[in-house]
Structure formats: C-alpha cells, structure tokens
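Each chain, letter by letter, is given below.
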Amino acid sequence: MKKIAGFVLLLLLFTSCNNDDSDMISINNPEVSLNIPSGFPELNAFVSQNKPTKYGVELGEMLFSEKRFSADNTISCSSCHIQENAFADQHAQAVGIEGRIGLRNTPSIQNLAFMKFYNWDGSKLQLENQPLVPIITHEEMDSSILEVIGKIKDDAIYKDLFKKAFGDEDITPDRIFKSIAQFEYTLISANSKYDKVKRNEASFTESELQGYQTFQQKCASCHGTELFTDQTFRNIGFPINTDTNEAGRGRVTGIPSDFMSFRVPTLRNIEYTAPYGSFGQFATIKSVLDYFDNGVLDAENLDPIFKNNDKRIQLTDQEKTNLIAFMKTLSDTEFVKK
C-alpha cells in the first residue's frame, strides 16, 4: 500500500510540474527527425510536447539499458524488450528480478509514436507515464524512481548527458521519463518487404499475395492501418489467464463489457515476437490460426466478428500457409539488428 500511495503522489508531482525542458532544444541539441512513413496515422498528441532531441534520445537509450532501475541491479527495460525480438522477448510472461513471473506477455516496442494507448489494457495514454509502472511493480523491477535517482545521481556520464539534453545536471523523474519516451519514439519500423512492395521496390510471391488477399478479407477489420492494429480493445475468446488480478481492459475501466478485452496487437515483426497472446497462450502463428479456425471461447462480450460467425474464423490449411507467408513480409530485418 505504501508503494501504491507513493506512486500516486509522484504522479501528481510530475504531472503538475513543468521544468520548461521543452525550451532546452538548441543548436547544440537539435531535434531528431522521426521520418514518418507514408500512410501512417497521425502522431500521438503528446509527441509534440516531448520532441526527440539528439541528446534526449541518447540519454533515453542509455537509461533504457540501465539495470540500476531494478532493486537488485539486474533488470533493465532492455532485459525484457530485446531488439532482435522487435523489443519483445521469448517468454510467455515477463520475467523480472529474482525470476519473478509477471502477469502478462511482454509487448513489442515499435511505432509507439503513433499509438493512442500503451500496455495490453491501455492503462496509459501517454508514453512518458509508462516507465514508472515496471519500476515499481513487484514482479518486474520492484524499486522506486527515487531509489533509481539515488543510484545514478553521482554518475558523471549521466550528469553530462542530462546537462546536454536539458540544460543542467539536475536528474529528475520527469526528465528520466521524457528521455526514455524520446528514445522509444524513434523506434519506427516501416522497412519490411511489405513496405517495399508498397513502394514498388519489391514484389510478393504468389503465396504472399494470396495471403495478403485472405488477410484483407478476414483479418484487416482488426489489424487495419499501416500499424496493422486498429488500436481497439476486444475479447476474441482466447484461453483465459486464471490469475485473479487479470481482467483485461476491465481492470482499467471497471466496465463489465471490457472484461478480458485486450488491445489488438500490431502484426508488424510478428515473426520475431512469439509467443502470442496476452500471457503467451500460443507458441506459433500457426497455433493462433488453428485456434481461430477450430472455434474460440464464448463470452458475453465476445467480439461480434466471432459472435456472428459461430465463434470462429474459417480458414483452410492453404489459407493458413499463405497468411503466414504474408505476415512474414511484415518482418523488418533492419529494425531488429543491433
């Protein structure tokens, strides 16, 4: 309870104070171009309030890999968000300090500048408010932002970077969160084979083309836009996590119709982000498609796409093969390189 109360107090402090850090951009710390791809949706409204800068991004990347964020100095953001896995990991559920198992699967980090919600349940609307969650969560880092600052405040490298990014050496929670968000805003994935086909730089194979056609018919209503998610919350009848702390979007809103609804995940780089589902229910893409084909769990708030079609999406074996071939064209090999 003390940690929760402290969390609320800190949030009030951080959101009420404005260090005028946005005014620190200068010729010595220029803005970083996000190179927004053609056809992508508008940026999240908060990006304009925390525009990435050269040193802000550099600082954020360093903090992203800082293991002193955790109570025992063993876990950083990058411990779970691994670049070669499109900044996800290969665990069914996140693993924190002392091998503690988290509630949910680690979501990939990509194209966050365009997202309206963060976390599986959409509990955060602003990326700058998200890093505190893993820092204080018992199963993840089990620390506090004040403990983190105490560990790094005398580090000469950090003091120099904070000065370059924000104008002075003062290390504050607000600046830590802003710089991590700036780094994450730059993680844009839009150079897959699919993107090259759209730019007339490549062509689909016959199987990929047929998979794309099946995708448009049977998948695009949820996995729409160039993000390959419509950013809605849906109960699609997946096997349920029996942890009593889990309620999906309903955990945030308290509305019964949101029970076990989760944010539709992006399919970009899906080849690298197994296992799949809110707590890693499925080991492979094929097992997800088989589940949809065989029939999902019924629920009062089951998404109409399933409710109105006998709780399934019918797919032939060939359609599944072609869909997987198409989804692999969403792999951005440059994005996952270190």
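Below, the structure is looked at part by part. Given the structure is predicted, the values throughout are model-derived calculations rather than measurements. (Residues numbered from 1 in each chain as written. Predicted model: local features only at pLDDT ≥ 70, side-chain atom pairs only at ≥ 80, totals over all residues. Heavy atoms only, no water.)

A closer look at the overall build of the protein
Working step 1: The helix and strand inventory of the protein stands at 13 helices and two strands.
Working step 2: Over its C-alpha atoms the protein spans a radius of gyration of 21 Å, differing by no more than 12% from the 20 Å that the globule rule assigns to 338 residues.
Working step 3: For the protein, with 338 residues in total, the buried portion stands at 52%.
Working step 4: Across the protein, contacts joining residues at least 24 apart in sequence account for 68% of those joining residues at least 6 apart.
Working step 5: For the protein, the computed accessible surface area is about 16100 Å², with 52% contributed by carbon and sulfur atoms.
Working step 6: For the protein, the distance from the average position of its 35 positive side-chain charges to the average position of its 46 negative side-chain charges is 1 Å. (Helix = DSSP H or I, 4+ residues; strand = E, 2+ residues; numbered from the N terminus. Rg over C-alpha atoms; globule rule 2.2 N^0.38 Å. Buried < 20%, exposed > 50% of the residue type's maximum accessible area, 1.4 Å probe, protein only. Contact = heavy atoms within 4.5 Å. Areas by Shrake-Rupley, 256 points an atom, 1.4 Å probe, with all protein chains shown as cover. Lys, Arg positive; Asp, Glu negative; His and termini not counted. Charge placed at Lys NZ, Arg CZ, Asp CG, Glu CD.)

Details of the nonpolar core
Working step 1: Ranked by internal contacts, the top residues of the largest apolar core, which has 48 residues, are L63 and I176.
Working step 2: Listing elements by their share of this core, those giving two or more residues are α2 (54-64), α4 (132-136), α5 (145-152), α6 (156-166) and α7 (173-185).
Working step 3: Among the elements that line this core, the one with the most residues is α7, at six residues.
Working step 4: Membership of the second largest hydrophobic core comes to 27 residues, among which are F215, I285, F292 and F326. (Core = buried A, V, L, I, M, F, W, Y, C linked by side-chain atoms within 4.5 Å.)

Let's talk about the pattern of salt bridges
Working step 1: Taken as a whole and assessed by the stated rule, the structure comprises 22 salt bridges.
Working step 2: With a closest N to O distance of 2.9 Å, R268 and D195 form a salt bridge. Here R268 is found in the loop between β2 (262-263) and α11 (285-294), whereas its partner D195 is found in helix α8 (residues 193-198), with 73 residues between them in sequence. Comparing R268 with D195, the two get one shared label, buried.
Working step 3: Residue E334 pairs with K337 through a salt bridge whose shortest N-O separation is 3.3 Å.
Working step 4: Judged by relative accessible area, E334 falls into the partly exposed class, the value being 47%.
Working step 5: Judged by relative accessible area, which is 49%, K337 ranks as partly exposed. (Salt bridge = Lys/Arg side-chain N within 4 Å of Asp/Glu carboxyl O.)

With respect to the packing of helix α9 (residues 206-218) against helix α13 (residues 317-328)
A pair of packed helices is captured by two measures, namely the crossing angle of their axes and the spacing between those axes.
Working step 1: At their nearest, the axes of α9 and α13 sit 7 Å apart, and the two run at 100 degrees to each other. Between α9 and α13, the angle falls in the class roughly perpendicular. Note on element contacts: α13 touches α9 through E319, T321, N322, L323, A325 and F326, opposite S207, E208, Q210, G211, Y212, T214, F215 and K218.
Working step 2: Of the residues assigned to the contact of α9 with α13, the class counts are five nonpolar, six polar and three charged. (Axes fitted to C-alpha atoms, helices over the stretch in contact; angles between N-to-C directions. Parallel < 35°, antiparallel > 145°, perpendicular 65-115°, else oblique. Nonpolar A, V, L, I, M, F, W, Y, C, P; charged D, E, K, R; others polar.)

Some details on the packing of aromatic side chains
Working definition: an aromatic ring pair is given by the centre-to-centre distance plus the angle between the planes.
Working step 1: Taken as a whole and judged by the stated rule, the model has 21 aromatic pairs.
Working step 2: Relative to Y291, the ring of F238 has its centre 5.9 Å away and its plane inclined at 75 degrees; by these criteria the two rings are edge-to-face. Placement of the pair is F238 in the loop between β1 (233-234) and α10 (250-253) and Y291 in helix α11, with a sequence separation of 53 residues. Of the two residues, F238 and Y291, neither departs from the other in class, the shared state being buried.
Working step 3: By way of ring pairs, the aromatic residues Y194, F204, Y212, F215, F228 and F326 are connected into one cluster. (Phe/Tyr/Trp six-rings, centres within 6.5 Å; stacked < 30°, edge-to-face > 60°.)

Digging into the environment of G96
Working step 1: Take G96: it is sitting in the loop between α3 (77-80) and α4.
Working step 2: Distance from G96 to K307, taken between C-alpha atoms, is 37 Å for residues 211 residues apart in sequence.

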